[in-house]
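Structural overview for review
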Amino acid sequence: MADALTGFLEAAVRTATPLAFAAMGETIAERAGVINVGLEGCVMAGAFGALVAAGAGGVGAGFATSAVAGAALAALFALCVVRLGTDQIITGTAMTLLGLGGTGALYRTWYGAGGAALSVPTAGPMAVPGLSKLPVVGPAFFSQPVVTYLAALLVPVLWWFLYRTHAGLALRAVGEAPEAARAAGVATARLRTLAVVAGGALGGLAGGTLVLAQAGTFAEGMSAGRGFVAIAIVVLGRWHPVGAALGALVFGAATALQFLIQAMGWTLPYQLFLALPYVLTLGALALARGRGRPPAALGQASG
Amino acid sequence: MTRHRWTGRLLLIAATGGVAALLLLAIVALAGYDAPRALGALAGGAFGSLDAVLSGTLVRATPLVLAGLAVTLAFRAGVLNIGAEGQLLAGAAAATAAGLAVTGPGPLPLVSALTAGIAGGAVVAGVAAWLRARFGVLDVISTLMLNSVAQFVVAWLVRGPLQEPLRIYPQSASLAAAARLPVLVPGSRLHLGWLMAVVLAGVGSWWLARTAAGFRLRATGLNPLAAASAGGVATGRVTAWAFVGSGMLAGLAGAVEVTGVTYALYENLSPGYGFTAIAVALLAGLEPVLVIATGLVFGALEAGASAMQRDAGVPSVLVAVVEALVILLLVLAERGRQAGWWTRRTPEAAG
């Protein structure tokens, strides 16, 4: 049972890592008033960027390129939505199609139509001295790839940025009351653009994590809706970085439930296990009604 | 929309189709493929012969028109249903289950399959409508989550309760002839679903423009506050029914695909019809009758792209890139029209 529990916790944290990156990225964008449904496309762009760069330059280059690729797609989205004022949802849907289709086409063109499974260098687990020896939780929390620690570190950093810095205050002001922010001398369009691009970079990092720390390879559509899940997690996390990280962990735990339940001897078809977290997310969204409030200017064309 | 503006829209649709084909070929050439050969395959696959038109373009256009109508209905009511894909899959699964289970006289199996498909799509959309009305969950998020749920449930069905009797392949058994849509033109693959899509598009335009219910739906979509206060419209009920109606149309698209084309349920039944439907609806300016034309444009593009993959080795997934670019161009054009970029008028005068 202890083994099953360790397996459950380890799988929960592993599943949560890319979701936490993506959800924190979306939190930044939404706090500035932009909902980026194209996050799914950013995750795919990041995954493909990681594949290309890691093959040539190793794991570090892979992660860096994944962030750049996600940021690039988000920059195109920001150009349309922030500068030109197009509809955020429709434009975001187009970005998702662009990310999914573009990476699929490039993959088949560069790596062959057969899509033979390529393996890339991966970031192996990095044991934290001492802590990783703890019973049950040690292997689960302190023997993870380095990006998991990076995701955990990002939570307080992002909290500090949003709530303790001048730039973070300005960013939140742009999402709540853009007119007032502009009157106070904030460059609203530039800040929104930066927020969306930063969010896209984190979405790309989520894709990089999938390739370089988990799958060790690339597959078309491997993001499998994680970008969309991250958007739901932002709502559950009440547009707060700590909430985003917790939401990602809860979703990871729901996904990892299969290990526990299988250990208890129950059988439920694998595919229904995969659907379960999405159903739970919908239920949680319904129950979260009235708790927390979206940024007042979320989704509105930049005023 | 007046007849005069339909003419302008049709020109725009034709021009967009041409631009999309050019974009596709430009990308193909940039990627280093044999462009002339790709062009030949693209044109041949879409229009090269009567069979290419009937069995390729029109067959591909059928689910696109139906799902495009689903998106149109929702968007006109101000409901951001981007879950047509999941509703279509639910419709396909329900239609398969009913088509395999119901035996009986005459058209009973077919009618059961189509009805079940409509109901399947309605249930999935109904969940999202209920979550919106009761709990204020955003349409976008709920429909995207339900897309994933539908995909996993179909993946389970074709390995579980609906798997073919030999239990080797992840797909359902084939529907009996009595549960299949009749072929419209003998010798081709064109089925009755195309006619259903065309009729529904016509009825949709008439319903939106000429009936009181259609007026209430349009008023709700344009300005729900004004519709409720000045017009006395029960906007909550209107949006909920538009959501469910949208799901019914998407479910029918799935049912028609199963009973008219694949005759069985399998995982990758839809190459993203529900997402392409967004481009189909937007290009039509959310006018149901024009969805026929835009469905044809994208149907031709997809049929041509399939031929391009077969004959010139170009990945057909490139069509998704072109669709994304078309959607982007359309939202930019729409935004430009609102803001008066194309004219000398001020934004105020254009509004």
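Computed from a predicted structure; not experimentally measured.

Thresholds, definitions, all that
- Residues numbered from 1 in each chain as written.
- Chains lettered and ligands numbered in written order.
- Predicted model: local features only at pLDDT ≥ 70, side-chain atom pairs only at ≥ 80, totals over all residues.
- Helix = DSSP H or I, 4+ residues; strand = E, 2+ residues; numbered from the N terminus.
- Rg over C-alpha atoms; globule rule 2.2 N^0.38 Å.
- Contact = placed C-beta atoms within 7 Å.
- Nonpolar A, V, L, I, M, F, W, Y, C, P; charged D, E, K, R; others polar.
- Core = buried A, V, L, I, M, F, W, Y, C linked by C-beta atoms within 7 Å.
- Buried ≥ 20, exposed ≤ 12 C-beta atoms within 10 Å, placed from the backbone.
- pLDDT = per-residue confidence, 0-100.
- Expected span 1.5 Å × (residues − 1).
- Arc of directions from axis to C-beta.
- Axes fitted to C-alpha atoms, helices over the stretch in contact; angles between N-to-C directions.
- Parallel < 35°, antiparallel > 145°, perpendicular 65-115°, else oblique.
- Left-handed = near helix turned anticlockwise from the far one by under 90°.

For chain A, the count of helices and strands is 11 helices and 2 strands. Along chain A, helices and strands appear, N-terminal first, in the series α-α-α-β-α-β-α-α-α-α-α-α-α. Against the globule reference of 19 Å for 303 residues, chain A gives a C-alpha radius of gyration of 19 Å, in line with a compact fold. A separation threshold of at least 6 residues defines the contact pool for chain A, and within that pool the share at least 24 residues apart is 78%.

At the interface, 37 residues of chain B touch 38 residues of chain A. Mapped by element, the contributors of at least two residues to the side of chain B that touches chain A are α5 (108-135), α6 (139-157), α11 (273-283) and α13 (318-339) of chain B. Classifying every residue of the side of chain B that touches chain A gives 29 nonpolar, 5 polar and 3 charged.

Take the nonpolar core next. Residues I233 of chain A together with A67, A70, A277 and I327 of chain B are the most contacted members of the largest nonpolar core, which totals 224 residues. Broken down by element, this core gets its largest block of residues, 24 residues, from helix α2 (residues 39-83) of chain A. In this view, A70 of chain B contacts A84, S246, L249, A250, A253 and A277 of chain B; residues no more than four positions away in its chain are not counted.

When pLDDT is averaged across chain B, the result is 91; 97% of the residues are at 70 or more. Across the interfaces of the predicted complex, the ipTM metric reaches 0.87, alongside a pTM of 0.91.

Residues and elements named next belong to chain B. Across its 19 residues, helix α7 (residues 192-210) extends 27 Å between first and last C-alpha, which sits within 8% of the 27 Å expected from 1.5 Å per residue. Turning to α7, its buried residues are G193, W194, A197, A201, G204, S205 and L208. Buried residues in α7, looked at end-on, bunch into an arc of 115 degrees, giving them a common side. Relative to its buried face, α7 has exposed residues pointing more than 90 degrees away, namely V199 and R210.

Tracing the chain through its elements places G204 of chain A in helix α8 (residues 188-215). Spatially, the C-alpha atoms of G204 of chain A and V59 of chain A are 14 Å apart, while their sequence positions differ by 145 residues.

Between two packed helices, the angle of one axis relative to the other and the distance separating the axes together describe the packing. All names here are of chain B. Relative orientation of the contacting elements α5 and α6 amounts to 150 degrees, with a least axis distance of 10 Å. By the angle between their directions, the pair α5 and α6 is classed as roughly antiparallel. Relative to α6, the crossing made by α5 is right-handed. Between α5 and α6, the contacting residues are V124, V127, A128, L131 and R132 on the first element and D139, S142, T143, L146 and A150 on the second. Within the contact of α5 with α6, the residues separate by chemical class into 6 nonpolar, 2 polar and 2 charged.

All names here are of chain A. Remark: helix α9 (residues 226-236) packs on helix α10 (residues 241-263), axes separated minimally by 8 Å, with the N-to-C direction vectors making an angle of 125 degrees. Classified by the angle their axes make, α9 and α10 are oblique. The element α9 and its partner α10 pack so that their crossing is right-handed. From α9, V229, I233, V234 and L236 reach across to α10, where they touch G243, A244, G247, A248 and F251.

Residue and element names in this part refer to chain A. Backbone geometry at A224 places phi at a positive 45 degrees, although glycine is not the residue there. Along the chain, the position of A224 falls in the loop between α8 and α9. For A224, a count of 17 C-beta atoms within 10 Å translates into the label partly exposed. Although it is not a glycine, R238 adopts a positive phi angle of roughly 55 degrees.

What follows concerns helix α3 (residues 88-111) of chain A. One turn of an α-helix holds 3.6 residues; hence residues three or four places apart share an orientation. All names here are of chain A. Between its first and last C-alpha, α3 extends 33 Å over 24 residues, near the 34 Å set by a 1.5 Å rise per residue. For α3, the tally of buried residues reaches 20 of 24 residues, placing the bulk of the element in the interior. Of the residues trailing α3, G112 is marked for its positive phi of about 95 degrees.

Okay, the environment of T103 of chain B next. Residues and elements named next belong to chain B. Tracing the sequence through the fold places T103 in the loop between α4 (84-101) and α5. Classification of T103 by C-beta neighbours within 10 Å gives exposed; the count is 12. It is 18 Å that separates the C-alpha atoms of T103 and P161, two residues lying 58 residues apart in sequence.

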